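# Fold and contact review
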Amino acid sequence: MKVIKRHVTSESFSPDMTPMIDVTFQLIIFFMLTINFVTEDQSERIKLPESELAKPPETPWESPIVLQLTAAKPPSVIVGGDEVSLSLIRGILQREKQRLQELGRSAAKATVIIRADRDAHTGTLQKLIKECQDLGFERFVLRAREKYIRVTQGT
Amino acid sequence: MRLGTKRDEAGFQRIELNMTPMIDVCFQLLIFFMLTLKVFATEGDFDIKMPLATMAQGTPKEQENPPIVVRMKADSRGRLSEILLTEKPLKSFQELREEIKALCAGRDTSTLEVELDCDYVLRYEYVMEAITHVSGYVDQSGNIVKLIEKIKFKPARGGPVE
């Protein structure tokens, strides 16, 4: 390695900061882009079931309402950061419906995204869907966590 | 900000920027973003159809094909105990996928519909597994091959067990 001799004055010694600043900016940009402030729709209490076919939707859902069904006993639903018992969900859904109507949208066109815990009872999930249907919600999607599978050739 | 100046060998004045405050702020920002970062796994959605409302109104939808019924029985703890595909017992979800593949072969899959008939206490993870296995598979090259996309639920059997 060729050693470059530099004239260093006795007054100051300044190392080249450019690469470090470059890397720091890169890191800042990376973290700024990956940061997600909206976490209320992804409660950590919900352990989603896994599916290898779960892929993020290509187009965003129309007027999405996220309902998170817990596996607690008695079952509860987390809506927009508030946890309510399944028996009281109707009031919240009614409010959501009113909000949609004020915005000139109908409940039938809204998408109810259900993030149910993998240990929740299927019957409870159906009860939740029934509550939504009674208020006129028609579109439902079930959310799952993406499972990565190793693709093996020749099997 | 006061800029430091220094004379080089030829006698010209060179301006030196004081980088310390900028580096301080950069590191503060970096630490803030690092600490607030939360990594979430990618999530995806499955479209489902719930015919309960239309049934209640007494207007059953006309269908070309009757739905393929997948019956899933649960034990008292909510674990899957039996899978039946239109009364035929199956050993695993893999077998269910093979059966669905055979049913879809050479047919327009958009006319086919699967109806899930589950026990009330059955854990939701099994339902998701059944939905995954009937709605498609990942082939050898990693592409998703879709099978039946129309999925609906039958009202759950039984009730909650305390």
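It should be noted that the structure appears before, not after, this text.
Residues numbered from 1 in each chain as written. Chains lettered and ligands numbered in written order. Predicted model: local features only at pLDDT ≥ 70, side-chain atom pairs only at ≥ 80, totals over all residues.

### Details of the overall build of chain B
- Counting secondary structure elements, chain B contains four helices and 10 strands.
- Going residue by residue from the N terminus, the α and β elements of chain B occur as β-β-α-β-α-β-β-β-α-β-α-β-β-β.
- Taking all 162 residues of chain B together, 24% fall into the buried category.
- A sequence separation of at least 24 residues applies to 62% of the contacts in chain B between residues at least 6 apart. (Helix = DSSP H or I, 4+ residues; strand = E, 2+ residues; numbered from the N terminus. Buried ≥ 20, exposed ≤ 12 C-beta atoms within 10 Å, placed from the backbone. Contact = placed C-beta atoms within 7 Å.)

### Notes on the interface of chain B and chain A
- Counting residues at the interface gives 44 residues for chain B and 45 residues for chain A.
- Relative to strand S3 (residues 43–48) of chain B, strand S6 (residues 139–146) of chain A runs antiparallel, the two sharing six bridges. Bridge assignment links Ala-144 of chain A to a residue of S3 of chain B, and that residue is Gly-44 of chain B. (Pairing = 2+ DSSP bridges.)

### Examining the nonpolar core
- Within the largest apolar cluster, 50 residues are counted, with the highest numbers of intra-cluster contacts made by Ile-114 of chain A together with Met-72 of chain B.
- Sort the elements by how many residues they give to this core and helix H4 (residues 124–135) of chain B lands first, with seven residues.
- Apart from residues lying up to four places away in sequence, Met-72 of chain B is in contact with Leu-80, Ile-83, Leu-116, Cys-118, Asp-119, Leu-122, Tyr-126 and Ala-130 of chain B. (Core = buried A, V, L, I, M, F, W, Y, C linked by C-beta atoms within 7 Å.)

### Thoughts on helix H2 (residues 89–102) of chain A
All names here are of chain A.
- Its 14 residues give H2 an end-to-end C-alpha distance of 20 Å, which sits within 8% of 20 Å, the value for a rise of 1.5 Å per residue.
- Looking only at H2, the buried set comprises Ile-89, Leu-93 and Glu-96. Down the axis of H2, the buried side of the element spans an arc of 55 degrees, and every buried residue falls inside it. Set apart from the buried face of H2 by more than 90 degrees, the exposed residues are Gly-91, Gln-94, Arg-95, Gln-98, Gln-101 and Glu-102. (Expected span 1.5 Å × (residues − 1). Arc of directions from axis to C-beta.)

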